[in-house]
Amino acid sequence: MGNVKLSSMGKRVRKIDGVELVTGRAKFAGDMKFPGMLYGYARRAGVPAGIIKKRDVRTALKIPEVAMVLLAEDIPGPNIIGILPPFDQPLLAAEEIRYEGESIALVVAKTKTAAKEGALAIEVEIDPLEPILEPDEALKKGARKIHPAGNITYSKKLIKGDIDKGFKEAELVVENTYHTSFQEHAYLEPEAVCAVPCGDGRVTVYASCQSPFHLRGHIAANLSVPASRVRVVQAYTGGSFGGKDDVAAEIGSLAAVASVKLGLPVMIAHEREESIKGSNLRHASRIHYKTGARRDGTIVACKIEIILDGGAYSSESPFVTMKSLIHAAGPYRIPNILVECTSVYTNKTYCGAFRGFGVPQVTFASESQMDELASRLKMDPLKLRRKNALKPGDATATGQVFERSVGLLQTIDKIEERRKSSDLPRDREDDRWLYGRGFSCMLQGISNGAEGIDVVGASVQVSQDGSVLLGVGLTDMGQGSRTVFAQVAAEVLGVTVDRVTVRQVDTDSVHDSGPTVASRSTTVGGMAVFKAAAEVKKSLQKMASLMFKAGEEQVSFKNNFASLKQDDSARIPLREVAAAAYWSGFPLMNLAFSRAPDADFDHETHQGDIYIAYNFGTHMMDIRIDRFTGRVQVLQHIASHDLGRVINLTGVEGQVEGGSLIGFGFAHMEKIESEGGSITNANFADYAVPTVKDRIPTETICVEDYNPTGAFGAKGIGEPPVAGAASAFANAVAAATGVRFTKLPITKEDILKAGGKHGRYSH
Amino acid sequence: MHLEFICNGKKVSVDVPADMRALDLIRDVMGLTGTKEGCARGECGACTIIVNGKAVNSCLMYAVKLKGKEVFTIEGLSEESGKLHPLQEAFLEEGAVQCGFCTPGMIMSAKALLDRNPRPNEEEIEEAISGNICRCTGYAKIVKAVTRAGLGNNHG
């Protein structure tokens, strides 16, 4: 595969579904309409902890437009959602309330307004419990148990080498504690689903979601029907970033139960406040970090303790815990590592997947440590990173050794070049502005790895006119994976991208491909498309060879033509080859399956081979800070990533620019505010999502260190920039102010306060 | 209440409740679902339409306020032949679209700007789309796209 001559790879390709999006024709779940359609609206707890004493729905049912009220006992199945064991989240709460956004009832009515009115009319009495709002409280001996098994969701260790021996070898130790805040996904489209009973004993659910097969499983279970009776079709999805999984299962199940009971379509579309309070956030964290090094900068030991605040339910906490463990020591060659990570229940909105999946939090800590260590050693921060950077053949924190596609040093080289060619304008420093430059290195595991099996199904179908229809079990939520899949198929089959159509995911017609997570679409999904297309190509090759009366190896496909390798002018349109193949009875459709190698992994020590590849990155950020207001301006941001091979350059830049701004928001602007367990800024006026005026001038540099496990050598790029940008920002602020901030976000108020108090920013 | 107005060049005659939002008239009654609802509080810009040349949040406007006005939604931008508006072309070319949910509102804000200022500078573009949130792209490609569409306005 590495020797394939590439014609469309690495170029700029327009989004294949772009025209529908810029014209407004694309149908998102909330845009759908079916005859007789009703609307659902949930009654939520409104208090963070308590015991339900009364749920009286009579007043709600008196509203003429109200068709039905669902309570926990009306759910035919187990009334449970949750992605992973211990599956601890009720679909509708009947007994205990564990966070304010908990749904107690669903009111279904002819209009959205009436459904909402009905929800408010339900009489609910809750005996309040003292909410447990901080992990430390939850972990106290004798603390009230939020769940029967206690307040620890998941707790594990990573043990590499001998930590005591490592610190004995250390000539210098740096140590600090870091905190990060909750972050809201803030996708522009609030969650929405529409369930339509089909009259054949089945129900179809159109959903804004990230993992249609998760939905199918939850919906079938809660309906108490076989999964084969449920069809989930992914509607155009207006962003997800990890967020539309648990909550999509919740509203998908509720809408399906109501629609089956009533025999009518039911839509549930969240309002923004529901979207923030009633769906998962990024885990808040506290990370205690201790690094031991020799005087020459060689890191010999790392001891890290991580507490994740996971909120009321487990959601993806076990996997986020695992990912935090594995990435906490950064992209460095460290012989002795001990990481402990515990995710804790509290009476707050639950936390789960969010682009980066634990990595932005731990990378902020590890990259702050690197700078603190560099400063103690009086060593250049990039030089320190280079000295310890993972190279091919080195063991990662889990002891996994990659011989290929470890391009970290190349990303450092790129940043080094740019550092030399662009001096930070320190000499311009004046009464008003402080200047600072920050670096960060990071890695992000690609694929599900030992979190579970990693399979993707893809189907490729060539019609008699030579056009290609593609189905893949992974979702495009805006990131552009449909375009990447189209490019892969086009490349293999020698057709132009405009001849390829990629369907939205429909659980009826593709293999269960698991969730669309872990930056794995391009890598694992692309491989499935590659395989399926290669199978169909065999038929075309056979047919073309018969038509040319030449050997199959003589035939090649390019630009919608089959041609002879020795004489390019001898060519036949692909549509003629495809039609002839059909009439000769050669198969023109294939379902292929891509399966990442099984992980060989010890879940107690977190040692072994876990991911099929890592994306490596180095970022540099130049900022200036207004001494009087604390306002930060990003002057330059360079993000250099080893992504194996670029498939769509525009798509890569889009991922790096967008991911970096989410990282910048995480590091500088975004903070969930709450009071007594109730979120007080669940709207876009008070929760500061970056606007165009806050954008940063991100420049993408691609390092292409061929990855043998990805289609055409590619590795995912969806998640990595978040951690890189956030950490580089924190280090830039420290460089500019001389103050090490240990808490994200570092807001302009924080910067102003620190300067004022110590007078450090004054001349 | 009865009202008549021009929407995307065509006359509309409709009866609406006094408390109906312009957004609901457009989406639910007229079926023009290209205009999106992202926050219902005028904070995200996904519902932006153009009313008498000005970009407005249709979630904050009563439907009856459209009476006698000239209204444009995203559906009115491309020609019936399917030819895209230069802004739409530029958004595709620059990769300014990811999930696409903010895109209609973003394009309408940009169109209102280009209609009154055919070759805007970066600051003017920022100002025009500062009420439109995009969580996917990081905005740089959106600013480039609007700039590109503006540069195409040779006779502006």
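Cut-offs applied
- Residues numbered from 1 in each chain as written.
- Chains lettered and ligands numbered in written order.
- Predicted model: local features only at pLDDT ≥ 70, side-chain atom pairs only at ≥ 80, totals over all residues.
- Heavy atoms only, no water.
- Disulfide = S-S within 2.5 Å.
- Buried < 20%, exposed > 50% of the residue type's maximum accessible area, 1.4 Å probe, protein only.
- Contact = heavy atoms within 4.5 Å.
- Buried area = accessible area lost by both parts, 1.4 Å probe.
- Salt bridge = Lys/Arg side-chain N within 4 Å of Asp/Glu carboxyl O.
- Polar contact = N/O pair within 3.5 Å; in protein donor to acceptor, adjacent residues only side chain to side chain.
- Helix = DSSP H or I, 4+ residues; strand = E, 2+ residues; numbered from the N terminus.
- Nonpolar A, V, L, I, M, F, W, Y, C, P; charged D, E, K, R; others polar.
- Domains from an automatic or database assignment.
- Core = buried A, V, L, I, M, F, W, Y, C linked by side-chain atoms within 4.5 Å.
- Axes fitted to C-alpha atoms, helices over the stretch in contact; angles between N-to-C directions.
- Parallel < 35°, antiparallel > 145°, perpendicular 65-115°, else oblique.
- Left-handed = near helix turned anticlockwise from the far one by under 90°.

Chemist: For this particular structure, what's the right way to read the state of the cysteines?
Modeler: Any covalent bond linking the sulfur atoms of two cysteines counts as a disulfide. Counted by the stated rule, this structure contains zero disulfides over all chains. With no disulfide partner, A:Cys702 has as its closest neighbouring cysteine sulfur the one in A:Cys441, 17 Å distant. Looking at B:Cys7, it has no disulfide partner, and the nearest cysteine sulfur is the one in B:Cys47, 14 Å off. The exposure class of B:Cys7 is buried, given its relative accessible area of 5%.

Chemist: What's the story with the interface of chain B and chain A in this structure? I'm lost.
Modeler: Where interface size is quoted, it is often the accessible area lost as the parts come together. On the chain A side, the residues contacting the 47 residues of chain B number 51 residues. Both sides together, the interface formed by chain B and chain A hides about 3900 Å², and carbon and sulfur atoms give 56% of it. Looking at the side of chain B facing chain A, the largest losses of area belong to B:Leu92, B:Gln98 and B:Arg135, adding up to 21% of the total buried there. The interface formed by chain B and chain A holds 10 salt bridges in total. Residues A:Glu670 and B:Arg135 are paired through a salt bridge, measuring 2.7 Å at the closest nitrogen-oxygen approach. Linking chain B with chain A are 22 residue pairs in polar contact (both at pLDDT 80 or more), by the criterion used here. Broken down by secondary-structure element, the contributors of at least two residues to the side of chain B that touches chain A are helix 1 (22-29), helix 2 (86-94), helix 3 (103-116), helix 4 (122-129) and helix 5 (140-151) of chain B. Element by element, the count of residues in the side of chain B that touches chain A is highest for helix 2 of chain B, at six residues. By residue class, the composition of the side of chain B that touches chain A is 20 nonpolar, 12 polar and 15 charged.

Chemist: So what exactly am I meant to see when it comes to the domain arrangement of chain A here?
Modeler: All names here are of chain A. Once the domains are mapped, chain A shows domain 1 (18-25 + 455-595), domain 2 (32-129 + 191-269) and domain 3 (284-394 + 402-449 + 602-758). Once you take the C-alpha centre of each, domain 1 and domain 2 turn out to be 38 Å apart. Contacts between the two partners involve 20 residues from domain 1 and, on the opposite side, 19 residues from domain 2. For the pair domain 1 and domain 2, the summed buried area comes to about 1500 Å², and 50% of that belongs to carbon and sulfur atoms. Among the residues domain 1 hides against domain 2, the three largest losses belong to Met477, Gln504 and Thr507. Together they make up 37% of the total. Joining domain 1 to domain 2, the criterion identifies three salt bridges. In this structure, Arg202 engages Asp508 in a salt bridge whose closest nitrogen and oxygen atoms are separated by 2.8 Å. Here domain 1 is connected to domain 2 by eight residue pairs in polar contact (both at pLDDT 80 or more).

Chemist: Please explain the nonpolar core as it appears in this structure.
Modeler: Generally speaking, soluble globular proteins have nonpolar side chains that are buried together. Counting 148 residues, the largest nonpolar core has A:Ile306, A:Ile623 and B:Phe91 as its most contacted members. Element by element, the count of residues in this core is highest for helix 17 (residues 720-737) of chain A, at nine residues. Excluding its chain neighbours within four sequence positions, the residues that come into contact with A:Ile623 are A:Leu434, A:Tyr435, A:Gly436, A:Val632, A:Gln633, A:Val634, A:Leu635, A:Ala732, A:Val733 and A:Ala736. Membership of the second largest hydrophobic core comes to 53 residues, among which are A:Val13, A:Ala490, A:Val495 and A:Val577.

Chemist: Explanation requested: the packing of helix 3 of chain B against helix 4 of chain B in the structure shown.
Modeler: How two helices pack is summed up by the angle between their axes together with the distance between the axes. Residue and element names in this part refer to chain B. Helix 4 packs onto helix 3 with a crossing angle of 130 degrees between their chain directions and a minimal axis gap of 9 Å. By the angle between their directions, the pair helix 3 and helix 4 is classed as oblique. Seen along the crossing, helix 3 lies across helix 4 with a hand that is right-handed. Between helix 3, through Met106, Ser109, Ala110 and Leu113, and helix 4, the contact on the second element is made entirely by Glu124, Ile125, Ala128 and Ile129. By residue class, the composition of the contact of helix 3 with helix 4 is six nonpolar, one polar and one charged.

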